[in-house]
Amino acid sequence: TTIRAENEVEAHREANNYKFGFRKWKGNVTEKPIEERSDITKELYADLSLVKPHKGSLVTFGNVIYLFLFGWWISLIYFLICPIMFLTIFGAPYGKLCFKLAWYFIWPFGKSIEKVSDRVMSPICRVSTYVWLILGYPVLAVVHSLACILSWLLIFTIPVAKMNAHTLATVLLMAPEDVQIRRLEKVTGSFSEFILCCYQASNVYYCKYSVQGINIFALNLLPLVLITLIIGYSDHKNTYFSAETKFATSIISIIPLSYFIGMGIASISAQSNFAVGAVVNATFGSITEMTFYITALLQGYQAANKCYEEVVKAALTGTILGCILFIPGICMIIGGIKHREQRFNSRSAGVSSALLFISIGGVFAPTLFSKTFGNLVCDTCTNVPSNSSVPFTCKDCHYDTVGDFSQLPAIIVPLVYTISVLLPAAYLIGLIFTLKTHSHIYDIHISDGHGVHHVVHWSRCKALGVLIVATALMACCADLSTENIEPILSHSSVSQYFIGVTVLAMVPELPEIVNGIQFALQNNISLSLEVGTCIAIQVCMIQIPLLVLFNAFYDVGFVLVFSDIHLWASIFSVILVNYIFMDGKCDYFQGTALVVVYLILLALYFFAPSPRSC
């Protein structure tokens, strides 16, 4: 397979996507010249001062929505300011301008705001300007700023945000005599300069819009991070905001921070050699999940509540299940709808499947050990008096970890430490196998346009700075989420298992899911599958051994023994995925099978009783 890249940096990024253990990243890390982009993309970044021919009706769904969401109240404010300016006498010219702009903003489509030839401003005009800047402009600045923020946050109405920003920065600061509003079909000749021209209020393709390489969704969620930190650390007693609200905002704030960490990793890796890229991926690749797990374990240790440990184990299992069932499944479905049948490298998928088997076997070995050699303990047992032939009826039975808890360090802990050494070793062997000795199984050739000028969105220093800041903010959000999860764990009608395997496991992986879907839509299902399996392998072979290592130095009571539901769900999922990956091709039906199995497992977790420690 030969993949075309625009320049050397993008070629490195593409090559890194096919390296085992490297984070897969779909977005570009360099800025593509606007001239080389598609017409749809050019339209997104077009200047509103440019007049272009327009075909079709101006009465579109988006334009009608603009009328109800923005047009009427912006126009109303102008109509209210208009008489005020006339009453000041000196502000009459601006009163006329407000009247014209009121009719403009109620339906601005197909109209232009122009600046006529420069004129010498009279003293009266200068007085009217002072009146305008004191009475009219401040109010309209608030109005247009509010409309700009709201339309920007809605994303698809970004043209409305651009229009309001342009009006605030240019139109309202012009002399009223210089502002002329006309319908575009009446525009002829040209003794004027176009300031503003808009045909549509919305565009569905703005979901692809980016600023300095940052996707608009991640950019718009950044203010939520600041809000989360403010309400989280200022309202300790939940006076103004409930713990549930603070938990929700902190969890959602993890999404953009995960995106920034991913882009930082991709940017540094694409501009560095293999060794630096491998170190960055190894250190920052699992930072999102590790931050949450460690803060949750610390919170549970300080509160003497073992429920936090169960939630962490549920989140670990949920990440594994989501990455080997849901992410490949949803990518197969969406990619299969566009492409009838998709093929992938069954040899490389086989390597990932083998590592998954090793991972699951190693992680759940202590659990199997405890069930084999542990004692079955029941909370209550009853029988019929004076009738020894009737067996006992026992409730809430479970395997105690080798009987007496005091024997745990002497028996289970050495096994856990042994596994925590073997799993990273297997991961290292997998790196050597796929990157050095048997790199030919991927058979990928990157063709790049050497000599093509490119501008990197983030330099290595900037990317490293973003990584450090995003990691620090991630730690704060993880701390707030674990601090405010206690009411949810204590009073929720939903099983704590379900909370762990869904919200806590999959929300941080949303950027990865989007990347996988984008790969699938481009008929690159191999990378879509690698997105999920790579994360699942890292959870088992890196994150869990790191948690064991952390517990060894700072004992928070983390024991690598999982509940039965985690054990059997993970084993069944790995077997199913290995079967799906065997033939090297997939379609939407196989993807549907994976997603349905994932939903069935979620149903099991939803109806499962809460862990004993909760």
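Everything numeric in this text was worked out from a predicted model, so none of it was measured. (Residues numbered from 1 in each chain as written. Predicted model: local features only at pLDDT ≥ 70, side-chain atom pairs only at ≥ 80, totals over all residues. Heavy atoms only, no water.)

Once the charged atoms of two side chains with opposite charge are near each other, the side chains can pair. Enumeration according to the criterion identifies 4 salt bridges in this entry. Among the salt bridges present, the one from Lys-306 reaches Glu-309, with a minimum N-O distance of 2.4 Å. Assessed through its relative accessible area of 43%, Lys-306 is described here as partly exposed. Linked by salt bridges that have partners in common, Lys-306, Glu-309 and Lys-313 make up one network. (Salt bridge = Lys/Arg side-chain N within 4 Å of Asp/Glu carboxyl O. Buried < 20%, exposed > 50% of the residue type's maximum accessible area, 1.4 Å probe, protein only.)

The next subject is helix H19 (residues 525-553). The terminal C-alpha atoms of H19 lie 41 Å apart, and with 29 residues this matches the ideal 42 Å at 1.5 Å per residue to within 8%. Along H19, the sharpest kink reaches roughly 40°, centred on Val-539. Across the 29 residues that make up H19, a large majority, 23, are buried. (Helix = DSSP H or I, 4+ residues; strand = E, 2+ residues; numbered from the N terminus. Expected span 1.5 Å × (residues − 1). Bend = angle between axes of the 7 residues up to and from the residue.)

This part is about the packing of aromatic side chains. One pass over the full model with this rule turns up 22 aromatic pairs. Relative to Trp-103, the ring of Phe-79 has its centre 5.5 Å away and its plane inclined at 85°; by these criteria the two rings are edge-to-face. Taken together, the residues span a long stretch of sequence, with Phe-79 in helix H3 (residues 61-87) and Trp-103 in helix H4 (residues 92-106) at a distance of 24 residues. Residue class for Phe-79 comes out partly exposed when judged on its relative accessible area of 30%. The class for Trp-103 is partly exposed, based on a relative accessible area of 47%. Centre to centre, the rings of Phe-99 and Trp-103 are 6.4 Å apart; their planes meet at 75°, and the pair counts as edge-to-face. With Phe-99 and Trp-103 both in helix H4, this residue pair falls 4 residues apart, about one helical turn. A network of ring pairs unites the aromatic residues Tyr-45, Trp-152, Tyr-206 and Tyr-209 as a single cluster. (Phe/Tyr/Trp six-rings, centres within 6.5 Å; stacked < 30°, edge-to-face > 60°.)

Here we take up the sheet that holds strand E4 (residues 179-183). The 3 strands are arranged E4-E3-E5 in an open sheet whose pairing can be described as antiparallel. A single partner strand is all that each edge strand has here, and the edge strands are E4 and strand E5 (193-198). Ignoring strand direction, the axes of neighbouring strands in this sheet form an average angle of 25°. Note that strand E3 (residues 111-115) and E4 share 5 bridges and pair antiparallel. Bridge pairing in E4 places Lys-115 opposite Val-179. In this fold H4 packs onto E3, E4 and E5, with an angle of close to 30° to the strand it touches most, E4. (Pairing = 2+ DSSP bridges. Axes fitted to C-alpha atoms, helices over the stretch in contact; angles between N-to-C directions. Contact = heavy atoms within 4.5 Å.)

Right, let's get into a nonpolar patch on the surface. Judged by side-chain polarity, Ile-40, Phe-156, Val-204, Tyr-205 and Phe-217 come together as a nonpolar surface patch covering roughly 450 Å² of accessible area. Looking at the secondary structure, you find Val-204 in the loop between E5 and strand E6 (210-211). (Patch = residues over 30% accessible without salt bridge, like charges linked within 9 Å, V, L, I, M, F, W, Y side chains within 5 Å. Areas by Shrake-Rupley, 256 points an atom, 1.4 Å probe, with all protein chains shown as cover.)

Okay, the side chain of Glu-289 next. The residue Glu-289 is located in helix H10 (residues 287-303) in this model. We classify Glu-289 as buried; its relative accessible area is 8%. The contact partners of Glu-289, leaving out residues within four places of it in the chain, are Glu-509 and Gln-543.

A separate point is the nonpolar core. Leu-325 and Leu-504 are the most contacted members of the largest nonpolar core, which has 113 residues in total. Ranked by residue count, the leading element in this core is helix H11 (residues 307-338), at 16 residues. If we ignore the near neighbours within four places in the chain, the residues touching Leu-504 are Phe-247, Ile-251, Phe-292, Val-311, Ala-315, Ile-485 and Ile-499. Of all hydrophobic cores here, the second largest spans 36 residues; its members include Tyr-94, Phe-105, Val-131 and Leu-172. (Core = buried A, V, L, I, M, F, W, Y, C linked by side-chain atoms within 4.5 Å.)

Let us look at the confidence of the model for the protein. For the protein, per-residue confidence averages 83 on the pLDDT scale, and 89% of positions sit at 70 or higher. Note on residues 402-406: pLDDT under 50 across the span, and 7 contacts to partners over four residues away in sequence or across chains. (pLDDT = per-residue confidence, 0-100.)

Turning our eyes to something else, we now look at the packing of H11 against helix H18 (residues 510-521). Their axes nearest at 8 Å, the elements H11 and H18 cross at an angle of 30°. Comparing the axis directions of H11 and H18 gives the class roughly parallel. For the pair H11 and H18, the sense of crossing is right-handed. Contact with H11, carried on its side by Phe-326, Ile-327, Ile-330, Cys-331, Ile-334, Gly-335 and Lys-338, involves Ile-513, Gly-516, Ile-517, Ala-520 and Leu-521 of H18 and no other residues of that element. Grouping the amino acids of the contact of H11 with H18 by side-chain chemistry returns 9 nonpolar, 2 polar and 1 charged. (Parallel < 35°, antiparallel > 145°, perpendicular 65-115°, else oblique. Left-handed = near helix turned anticlockwise from the far one by under 90°. Nonpolar A, V, L, I, M, F, W, Y, C, P; charged D, E, K, R; others polar.)

Moving on: unusual backbone geometry. Of note in this structure, Gln-212 is not a glycine but carries a positive phi near 55°. Mapped onto the elements, Gln-212 comes out in the loop between E6 and strand E7 (214-215). Positive phi outside glycine occurs at Asn-523, with the angle close to 65°. Structurally, the position occupied by Asn-523 is in the loop between H18 and H19.

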